[in-house]
Amino acid sequence: MGIASVSSISAVLLILGVVLILILTINNIVLETKTKFDEIQIYLEDGLSNADYDRIENRIRDMEGVLSLVFISKEQGLEIMKEGWEEEAYLLEGLEENPLQDSYIIQLLDIKYAEEIVSNLRNIEGIEDVKYYQDVIDKLMLVANYIRFGGIVIIGALMLVSIFIISNTIKVTVTARRREINIMKYVGATNGYIRGPFIIEGILFGLIGAAVSILIIKFGYEYFFKSVNDKLYLLFTVYLVPPTLLIKDIAIIFTAIGVGIGALGSLVSLKRFLNV
Amino acid sequence: MIEFQNVDKEYDNNVRALVNINLKIHKGEFVFLVGSSGAGKSTLIKLLLKEEEPTAGRIILNNMDITKVKNRRIPYIRRNIGVVFQDFRLLPNKTVYENVAFAMEIIGAHPKEIRRKVPMVLSMVDLSRKASSFPDQLSGGERQRVSIARAIVNSPPVLIADEPTGNLDPDTAWEIMKVLSDINGRGTTVLMATHAKDIVNSMKKRVVEIHEGRLIRDEQKGGYGNEITSF
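Residues numbered from 1 in each chain as written. Chains lettered and ligands numbered in written order. Predicted model: local features only at pLDDT ≥ 70, side-chain atom pairs only at ≥ 80, totals over all residues.

1. Notes on the overall build of chain A
The number of helices and strands found in chain A is 9 helices and 4 strands. Scored against the burial criterion, the 276 residues of chain A give a buried share of 24%. If you take every contact in chain A between residues at least 6 apart in sequence, the share linking residues at least 24 apart comes to 87%. (Helix = DSSP H or I, 4+ residues; strand = E, 2+ residues; numbered from the N terminus. Buried ≥ 20, exposed ≤ 12 C-beta atoms within 10 Å, placed from the backbone. Contact = placed C-beta atoms within 7 Å.)

Written out as structure tokens, the structure is:
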């Protein structure tokens, strides 16, 4: 019975943890991406002539809001990538052909010019891809909001379930000690005195449940981080939040909520089954 | 010490358990509360223990109006009353000593005090030799004496006994009455609800009779009552 209580608390906390990490990660990505907000990166088609390059450069410089234009050849691009990959850079040595494209990095005067410049860029011949982070951010924020909303609903429901489960577990203890409690009341024990041991029992469930879920999150996320983080950066140029930053706060939040659920569960139980 | 002023108690289903009770019990008195089952004796006791609230009237206990007190004051009121029940109500997993000590622990008494008082009351009820026994090793009379010891260990001014001899044979019942008399002799006010005709008739104490919720008799040195009113 104690296991049921501890498990239900752990379950709530685990889901809470996953939601929190997801939201934190997305926020982190958004923050990092925002620094690139004032940049647009355009990728050029292969096989353009010098005249094409000039044409494109001039068109861009003419646009309102363009601060500067920097050209990155595909060779330079590869060098930058090798630096970024560090230890895994040896993987890039084996490439026969440079898979990257020539690109320009356009620095904007102000974000407000971005939308128009982007739509103009899309109309220029020779530009294969326009990478601008606004849509990415918009999509991420949308996802984040869904996660936050869904998360709150699920967590809220689970918390109620936990409290219910714990209150039933404690009911067994309460009923078993009903005679004792009855005598305590006649002899003049205060409700607080009577409640004490039960609340401690509930808090203990909370602590154990929190400890279990903290450990799961710690090892689970560390493993996840180790196996996925580098690849994530390669693919999407984003980082996950490092575990060391998270763990302390998660530990504190989990402990607080676990203890809260445990204590509440026993209080509810006492009220329901014993009118104490 | 105990005073009921125009007390009514009507339950939700319109059952009038007590009607216009006026009763005054002074400090140090020994009062029998008699009446047939359902007449209202238990209700009266429940009102004193704050298990129920009166529908009307006032109840004074130990010079304090306990009629309308907040719920959180109730434990403190009860600490002034020692209660002894017909079914003893001892904790089966605790020894005699522990059962009595329990009453002191609950009110936060100092361990030294506990070690001093518990043996004292155990000897008062003549159970010193059984201090380490468990309730199931005791006779009915011995168990009731443990209950009494527990009831008086905190030196309450009032002792309420609700059919304390109900589960005992006549001889043992008398032993208990001796203990209660003793306690009363030391100054504790005793209110005892009972059906034990012989005991009431022989002890010649004040008798208060309740019939269908009303107080119909209040006699000093009274007897149990004639057959017409108690059936």
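2. Some details on helix 5 (residues 140-152) of chain B
Residue and element names in this part refer to chain B. Between its first and last C-alpha atoms helix 5 spans 19 Å; for 13 residues at 1.5 Å apiece the expected length is 18 Å, and the two agree. The element helix 5 is extensively covered by neighbouring structure, given that 11 of its 13 residues are classed as buried. Considered for burial, the residues of helix 5 that qualify are Glu 142, Arg 143, Gln 144, Arg 145, Val 146, Ser 147, Ile 148, Ala 149, Arg 150, Ala 151 and Ile 152. Looking at the buried side of helix 5, the elements it contacts are strand 6 (81-85), helix 3 (96-106), helix 4 (111-124), strand 7 (158-162) and helix 6 (170-185). (Expected span 1.5 Å × (residues − 1).)

3. Here's the deal with the confidence of the model for chain B
Residues and elements named next belong to chain B. Per-residue confidence for chain B gives a mean pLDDT of 89; residues scoring 70 or more make up 97%. In this model, residues 227-231 is a region of pLDDT below 50 whose contacts with residues beyond four sequence positions or in other chains number 7 contacts. We note a pTM of 0.68 for the whole complex and an ipTM of 0.83 for its interfaces. (pLDDT = per-residue confidence, 0-100.)

4. So, helix 7 (residues 178-187) of chain A
All of the buried residues along helix 7 of chain A are Ile 183, Met 184, Lys 185, Tyr 186 and Val 187 of chain A. Immediately downstream of helix 7 of chain A, the backbone of Gly 188 of chain A shows phi near 105°, a positive value.

5. Let's talk about the pairing of strand 4 (residues 56-61) of chain B
Residues and elements named next belong to chain B. Relative to strand 4, strand 1 (residues 2-10) runs antiparallel, the two sharing 5 bridges. If you follow Ile 2 over to strand 4, its bridge partner there is Leu 61. As defined by bridge partners, strand 4 adjoins strand 5 (residues 64-65) across 2 bridges and the pair is classed as antiparallel. By the bridge assignment, Ile 60 is partnered in strand 5 with Asp 65. The hairpin formed by strand 4 and strand 5 contains 2 residues between the paired strands, and Asn 62 there has a positive phi angle of roughly 60°. (Pairing = 2+ DSSP bridges.)

6. Considerations on the nonpolar core
When a protein is soluble and globular, its nonpolar side chains tend to lie buried together. Counting 70 residues, the largest nonpolar core has Leu 33, Val 100, Ala 149, Leu 159 and Leu 191 of chain B as its most contacted members. A total of 8 residues in this core trace back to one element, the largest contributor, which is helix 3 of chain B. For Val 100 of chain B, the residues in contact, after removing those within four places along its chain, are Val 118, Val 121, Leu 122, Val 146, Ala 149, Arg 150 and Val 153 of chain B. Formed by 23 residues, the second largest nonpolar core is a distinct cluster that contains Leu 16, Ala 210, Tyr 221 and Ile 261 of chain A. (Core = buried A, V, L, I, M, F, W, Y, C linked by C-beta atoms within 7 Å.)

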